[in-house]
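Take a look at the letters that make up each chain.
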2 protein chains.
Amino acid sequence: MEKILKGKEVADALKQRLKQEMEEFHKKNITPNLTIVIVGDRPDSAAYIKGAVKRCSEIGIECNVRELPKDLGQDKFVDVIQKLNDDEKVNGIMIMRPLPPQISENVVKYEIYPAKDVDCFSPVNLSKVMSGEEGGFAPCTPSAVMEILHHYGIDPRGKKAVIIGRSMVVGRPLAMMLLKENATITVCHTKTLNLAEEAGRAEILIAAAGKAKMVKRNMVKEGAVVIDVGINFDENGRMCGDVDFDEISQVAGMITPVPGGVGAVTSTILAKHVIDACKIQKNL
Amino acid sequence: MEKILKGKEVADALKQRLKQEMEEFHKKNITPNLTIVIVGDRPDSAAYIKGAVKRCSEIGIECNVRELPKDLGQDKFVDVIQKLNDDEKVNGIMIMRPLPPQISENVVKYEIYPAKDVDCFSPVNLSKVMSGEEGGFAPCTPSAVMEILHHYGIDPRGKKAVIIGRSMVVGRPLAMMLLKENATITVCHTKTLNLAEEAGRAEILIAAAGKAKMVKRNMVKEGAVVIDVGINFDENGRMCGDVDFDEISQVAGMITPVPGGVGAVTSTILAKHVIDACKIQKNL
């Protein structure tokens, strides 16, 4: 049994499966297309986009990046989304968030076609994550967590899963996805009292708080599976997760590193969603 | 401090607030309208509808019941919903579930206008419950639970809340609503191991499993707030909840009875949602 859950290994295995699926597409002369929409430039988005473009290209997915001016009005933004919705060549649309303040996410999220919404921006896809209904797209990051668990044969059924963090992009959807796979779920957050006690009961502990090295020895049960979703930078400017890896890797049964853990899987999940979207749209 | 949390008391207090709001409507000569749609006749629905009609009438809401033949086709059903959507006199639409097998809930749920969807059938309202966004309608039963907590001054913030049951009408939305109010939430279900241990840690325990008297002494912490959402019938044909009331009322700090607990509040919540829907539609 492996102790360090390697994101690259999970991503590579998924990539191989996707490449096999792509062979069917090639026979039919179909190239799936992902269009990434970004308003203004944010350095953190740039790194994400670079990774997504690279991964898509490796798999054979066409990937366009639409960079829009940072002062673009909401109506113009909606026009862009609607054109992409109607463009038959576009199979998946990913909108980089957060959007600038003049564009209200709570308004524009209704515009994207659910069938092209590969990162769960649409309320329709969100509701499917909540109800466990098939045929939608969950957000890429919690999907990456589930992919890691599946790859390493970790079945959440009947397990005590504790999620630290309740964001709409990770904590809440992941809670619903683990619940669907029959885990007993607990969601902790900044208002949780006795976080160490709650986290310390987890057989599967998910750290998605966005706070560098906040998961310490007293918060982890011996032998627990620890999945670190955090991407932070420590006092020396080095990338680190929400988990104090040096300390926790001594006690955890399995643990994802940062970098090289969850973050290494998300862009391949995105590619999978684009392929799935293309299949649905082309009735393949 | 009261020990028995009385649904009637909560409902009556809410009813008084709603009647005050109605005075503003009367001045403007507006009568909110709820239309309940039922396909075929189900005895359990009949009791619910009777209660809803009575409560609406007491508050001054017009309530129509549309009984449709039990073999109605899905297209015809959708026609009915679309007509109600477009009918300016109708402010709230409640569709009794479950629907008969020829009508797919996963298809027709997209048809109801979210702004008229007073019991959270629409995925748009469901996504708002998940994200904690204002301006939507949560399902009436979990809203009734929250109303009881608020009425009796029980603040979920920082509290350990355990929900037994993961249905889409109670367990999951209630988990999200308690999370929004800063509880640390745990969702248990039929695949949970050590249910007694999990439930026994709750400061607020919600029983929504749909199994008569399944919550026993060993599952409740001394002094806990116990909310019983179950409506079942015991071996003598008497209505009872999911909680063994005689046993648990000895140890709980506060407890809702069945009947006379959550069930006594839902129809007043429904009336509130109709009034809220009317306000939104009329820009009041």
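The paragraphs below set out a description of the structure included in this document. Quantities reported herein were computed from a predicted structural model and do not represent experimental measurements. Counting restarts for each chain, with residues numbered from 1 along the sequence as it is written. Numbering of ligands from 1 and lettering of chains from A proceed in the order in which they are written. The model is predicted, so local features are restricted to residues of pLDDT at least 70 and side-chain atom pairs to those at 80 or more, both for listing and for counting; the totals for chains, interfaces and linings are taken over all residues. Excluding hydrogens and water, the side-chain values take into account all heavy atoms of the structure.

Points about the side chain of N85 of chain A
Selection criterion: The helix and strand labels rest on DSSP assignments: H or I over at least four residues marks a helix, E over at least two residues marks a strand, and numbering proceeds from the N terminus. We call two residues in contact when some of their heavy atoms are within 4.5 Å.
Among the structural elements, N85 of chain A can be located in helix α3 (residues 74-86). Ignoring anything within four residues of it in the chain, the contact list for N85 of chain A reads I93, E111, I112, Y113 and K116 of chain A.

A short note on the pairing of strand β7 (residues 225-228) of chain B
Residue and element names in this part refer to chain B. Quick note on the threshold: To sort residues, take the accessible area from a 1.4 Å probe on protein chains only and compare it with the maximum for the residue type: under 20% means buried, over 50% means exposed, and anything in between is partly exposed. Following DSSP output, two strands are said to pair if at least two bridges run between them.
Every second residue of β7 is oriented toward a common face, with V225 and I227 on one face and V226 and D228 on the other, all of them buried. Note that strand β6 (residues 204-207) and β7 share 4 bridges and pair parallel. Looking at β7, one finds that A207 is bridged to D228. As paired elements, β7 and strand β10 (residues 254-255) share 2 bridges and run parallel to each other. Following the sheet pairing, V225 is matched in β10 by M254.

Here's the deal with the pattern of salt bridges
Using the following cut-off: Just to be clear on terms, a salt bridge is a Lys or Arg side-chain nitrogen sitting within 4 Å of an Asp or Glu carboxyl oxygen.
For the coordinates displayed, the defined rule picks out 40 salt bridges over all chains. Put simply, D44 of chain A and R42 of chain A hold a salt bridge, and the shortest N to O gap is 3.0 Å. Overall, D44 of chain A belongs to the partly exposed group, its relative accessible area being 47%. The residue K54 of chain B makes a salt bridge to E58 of chain B at a minimum N-O spacing of 3.1 Å. On the criterion of helical spacing, the pair formed by K54 of chain B and E58 of chain B is a turn pair, its members being 4 residues apart in helix α2 (residues 43-59). Since its relative accessible area comes to 54%, K54 of chain B is described here as exposed. Taking relative accessible area as the criterion, E58 of chain B reaches 25% and is therefore assigned partly exposed. Three or more residues are tied together by salt bridges with common partners; here these are K8, D12, K15, K54, R55 and E58 of chain A.

Let's talk about the interface of chain B and chain A
As a reminder of what qualifies: Residue classes follow a fixed rule: Ala, Val, Leu, Ile, Met, Phe, Trp, Tyr, Cys and Pro count as nonpolar, while Asp, Glu, Lys and Arg count as charged, and any other residue, Gly among them, counts as polar.
At the junction of the two partners, chain B supplies 37 residues and chain A supplies 37 residues. Put simply, chain B and chain A have 8 salt bridges between them. Mapped onto the side of chain B that touches chain A, the elements with two or more residues apiece are α5 (123-131), α7 (171-180), β5 (184-188) and α8 (195-199) of chain B. Take the side of chain B that touches chain A: its biggest share by element is 8 residues, from α5 of chain B. Looking at the side of chain B that touches chain A residue by residue, the class counts come to 15 nonpolar, 10 polar and 12 charged. One ladder, built from 3 bridges, connects strand β5 (residues 184-188) of chain A with β5 of chain B; its direction is antiparallel. Bridge pairing in β5 of chain B places I185 of chain A opposite V187 of chain B.

Regarding the sheet that holds strand β3 (residues 92-95) of chain A
Residues and elements named next belong to chain A. Here is the rule: Comment: axis = line fitted to C-alpha atoms, over the contacting stretch for helices; angle = value between 0 and 180 degrees taken between N-to-C directions.
With respect to topology, 3 strands assemble into an open sheet ordered β2-β1-β3, the strand pairing being parallel. The open sheet is flanked by β2 (62-68) and β3, the only strands paired with a single partner. If you compare each strand with its neighbour and ignore which way they point, the axes differ by 20° on average. Alignment of strand β1 (residues 33-39) against β3, held across 4 bridges, turns out to be parallel. The residue of β3 that forms the bridge with L34 is G92.

A closer look at the relation of the copies chain B and chain A
Put simply, the rule is: A residue counts toward the fit only if its pLDDT is at least 70 in both copies, and the copies are then superposed by least squares on the C-alpha atoms of those residues.
When chain B is fitted to chain A, the residual RMSD is 0.0 Å, and the transformation amounts to a turn of 180° plus an axial shift of 0.0 Å. Read as a symmetry element, the transformation amounts to a two-fold axis. Residue T186 of chain B, judged by its C-alpha, is the member of chain B lying nearest the rotation axis, at 2.1 Å. A symmetric contact is evident, with 100% of the interface residues of chain B recurring at the interface of chain A.

Topic: a nonpolar patch on the surface
To keep things clear, this is the line we draw: Patches in this entry comprise residues that are over 30% relatively accessible and not in a salt bridge; like charges within 9 Å are linked, as are nonpolar side chains (Val, Leu, Ile, Met, Phe, Trp, Tyr) within 5 Å. Using a 1.4 Å probe, the Shrake-Rupley method yields the accessible areas, and only the shown protein chains count as cover for residues.
A cluster of nonpolar side chains, I231, F233 and M239 of chain A, forms an exposed patch at the surface whose accessible area comes to about 310 Å². Mapped onto the elements, F233 of chain A comes out in strand β8 (residues 232-233).

Notes on the nonpolar core
The nonpolar side chains of a soluble globular protein tend to be buried with one another. Applicable threshold: In this description, a nonpolar core means a group of buried Ala, Val, Leu, Ile, Met, Phe, Trp, Tyr and Cys residues linked to one another through side-chain atoms lying within 4.5 Å.
Membership of the largest hydrophobic core comes to 122 residues, with the highest contact counts inside it found for L34 and L178 of chain A together with L34 and L178 of chain B. Ignoring any residue separated from it by four or fewer positions in sequence, one finds L178 of chain B in contact with M146, L149, P156, A161, I163, A183, I185 and I206 of chain B.

Looking at helix α10 (residues 266-281) of chain B
Residues and elements named next belong to chain B. This is how it is decided: Expected helix span is taken as 1.5 Å per residue step, with the number of steps being one fewer than the number of residues.
If you check α10, its first and last C-alpha atoms are 22 Å apart, about what 16 residues at 1.5 Å a residue would give, namely 22 Å. With 12 of its 16 residues buried, α10 lies for the most part within the structure. Every buried residue of α10 is listed here: T266, S267, T268, I269, L270, A271, H273, V274, I275, D276, A277 and C278. Elements in contact with the buried residues of α10: α1 (7-27), β1 (33-39), α2, β3 (92-95) and α6 (140-151). Looking at the residues trailing α10, positive phi occurs at N283, about 55°.

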